[in-house]
Amino acid sequence: MKAGRPKEFDIEKALNSALKVFWSKGYEAASLQDLTSAMGINRPSLYATYGNKEELFRKALDCYFNNRKAVIDNALNQPTTYKVIECLLYEFAESNVASNNPPGCLVVQSALVSGEKADCIRKELISRRLSIEKALCDRFEQAKNEGDFPETIEPVDFARYIATISQGMSIQAANGASSEQLRKIVEIVLKQFSSFLLAKSNE
């Protein structure tokens, strides 16, 4: 008797389901049983289509960043530093608590629960976070050259500060903070930056 054909499935839909498992549990805590159950496939199908768990996570990470690229690019293309910060952080205030996704940020949540056995994943997550920080630094360098940035602050330090705020907002969202509460954090950051600009204009 011939074996039946393997059940076909939507590769992208299954990958998105795996993404949400990793997002809610982190890389190490997400078991193969968790993943295959959410994806609606068996282990042989997972291995044949996506590779091993590490490769599946990297594909999910690519999917996550591809979805967020337009948002980040839109923020970086704003005409002023103030608008860059406003656009980026307010978007994070909403996306970190979106009802159709786990709370927080995949990159931050996964990093918090990845131990020594997942060192390669930890390094991958660091690299991804630093790539965003570098993009912010480049944008702030541009702003400084255009006279739209406080002279007393180094762009690299301010980029790290904004990255720290955004990552902290992710943790707050995972702790149950609402969009309104996260937006109040953004308001404080914007007021602080406005005071830097005011001090610059009064020099």
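The model shown is predicted, which means the values in this text are computed figures rather than measured ones.

Cut-offs applied
- Residues numbered from 1 in each chain as written.
- Predicted model: local features only at pLDDT ≥ 70, side-chain atom pairs only at ≥ 80, totals over all residues.
- Heavy atoms only, no water.
- Axes fitted to C-alpha atoms, helices over the stretch in contact; angles between N-to-C directions.
- Helix = DSSP H or I, 4+ residues; strand = E, 2+ residues; numbered from the N terminus.
- Parallel < 35°, antiparallel > 145°, perpendicular 65-115°, else oblique.
- Contact = heavy atoms within 4.5 Å.
- Nonpolar A, V, L, I, M, F, W, Y, C, P; charged D, E, K, R; others polar.
- 1 Å grid on protein atoms, 1.4 Å probe; cavity = no way out; pocket = protein on both sides within 12 Å on 5 of 7 lines; lining within 4 Å.
- Points joined across faces, edges and corners; volume = space filled by probe spheres on them.
- Phe/Tyr/Trp six-rings, centres within 6.5 Å; stacked < 30°, edge-to-face > 60°.
- Buried < 20%, exposed > 50% of the residue type's maximum accessible area, 1.4 Å probe, protein only.
- Salt bridge = Lys/Arg side-chain N within 4 Å of Asp/Glu carboxyl O.
- Lys, Arg positive; Asp, Glu negative; His and termini not counted.
- Polar contact = N/O pair within 3.5 Å; in protein donor to acceptor, adjacent residues only side chain to side chain.

Engineer: What exactly am I supposed to notice about the packing of helix α1 (residues 11-25) against helix α4 (residues 53-76) here?
Structural biologist: Two packed helices can be described by the angle between their axes and the distance between those axes. It is the contact of α1 with α4, at a shortest axis distance of 9 Å, that shows an interaxial angle of 95°. With respect to α4, the element α1 is oriented roughly perpendicular. Only Lys53, Leu56, Phe57, Lys59, Ala60, Cys63 and Tyr64 of α4 make contact with α1, whose side of the interface consists of Leu15, Ala18, Leu19, Phe22 and Trp23. Taken together, the residues that form the contact of α1 with α4 break down as 10 nonpolar, no polar and 2 charged.

Engineer: Just to check I follow, could you spell out empty space enclosed by the protein for this structure?
Structural biologist: Rolled over the atoms, a probe sized like a water molecule indicates the empty space that remains. For the structure shown, the criterion picks out 1 cavity of 30 Å³ or more. Each pocket or cavity is described by its volume, and for the largest cavity that value is around 230 Å³. Phe92, Cys105, Ile132, Ser166 and Gln167 are, among the 17 residues lining the largest cavity, the residues nearest its centre. Among the elements of the structure, α4, α5 (81-95), α6 (106-112), α7 (119-145) and α8 (155-174) are those that each provide at least two residues to the lining of the largest cavity. For the lining of the largest cavity, the class distribution of residues is 11 nonpolar, 4 polar and 2 charged.

Engineer: Help me understand the packing of aromatic side chains in this model?
Structural biologist: The description of an aromatic ring pair rests on the distance of the ring centres and on the angle between the ring planes. According to the stated counting rule, one finds 11 aromatic pairs in the structure shown. Relative to Phe57, the ring of Tyr27 has its centre 5.2 Å away and its plane inclined at 65°; by these criteria the two rings are edge-to-face. Taken as a pair, Tyr27 in the loop between α1 and α2 (32-39) and Phe57 in helix α4 lie far apart in primary sequence, 30 residues in all. In this structure, Tyr27 and Phe57 share a single accessibility class: buried. Taken together, a centroid distance of 5.3 Å and an interplanar angle of 35° make the contact between Phe158 and Phe193 tilted.

Engineer: Whenever I open this one, the layout of surface pockets confuses me. Can you help?
Structural biologist: Within this model, the largest pocket holds a volume of roughly 160 Å³. Taken together, Phe65, Asn66, Lys69, Ile72, Asp73, Leu76, Ser131, Ile132 and Ala135 form the lining of the largest pocket. Within the residue set of the lining of the largest pocket, elements represented by two or more residues are α4 and α7. Among the elements that line the lining of the largest pocket, the one with the most residues is α4, at 6 residues. Across the lining of the largest pocket, the residue classes break down as 5 nonpolar, 2 polar and 2 charged.

Engineer: How should I be thinking about the environment of Leu15 in this particular structure?
Structural biologist: Residue position: Leu15 is located in helix α1. A relative accessible area of 7% means that Leu15 is categorised as buried.

Engineer: Would you take a moment to explain the pattern of salt bridges for this structure?
Structural biologist: Between side chains of opposite charge, pairing is possible as soon as their charged atoms come close. Going through the model one piece at a time under the given rule, you end up with 15 salt bridges. Residue Asp34 is joined to Lys25 by a salt bridge in which the shortest nitrogen-to-oxygen separation is 3.0 Å. The residue Glu124 makes a salt bridge to Arg58 at a minimum N-O spacing of 2.8 Å. Of the two residues, Glu124 is situated in helix α7 and Arg58 in helix α4; the sequence distance between them amounts to 66 residues. In this structure Arg58 comes out as partly exposed when scored by relative accessible area, which is 25%. Several salt bridges share partner residues, and in doing so they unite Glu54, Arg58, Asp62, Glu124 and Arg128 into one network.

Engineer: Would you mind going over the side chain of Asp148 with me for this structure?
Structural biologist: Following the sequence through the fold, Asp148 ends up in the loop between α7 and α8. An unpaired buried charge is present at Asp148: no salt bridge exists, and Arg139, the closest side chain of opposite charge, is 5.2 Å distant. One polar contact links the side chain of Asp148 to the main-chain amide nitrogen of Thr81, over a distance of 2.7 Å. Not counting residues within four places of it along the chain, the set of residues in contact with Asp148 comprises Pro79, Thr80, Thr81 and Ala143.

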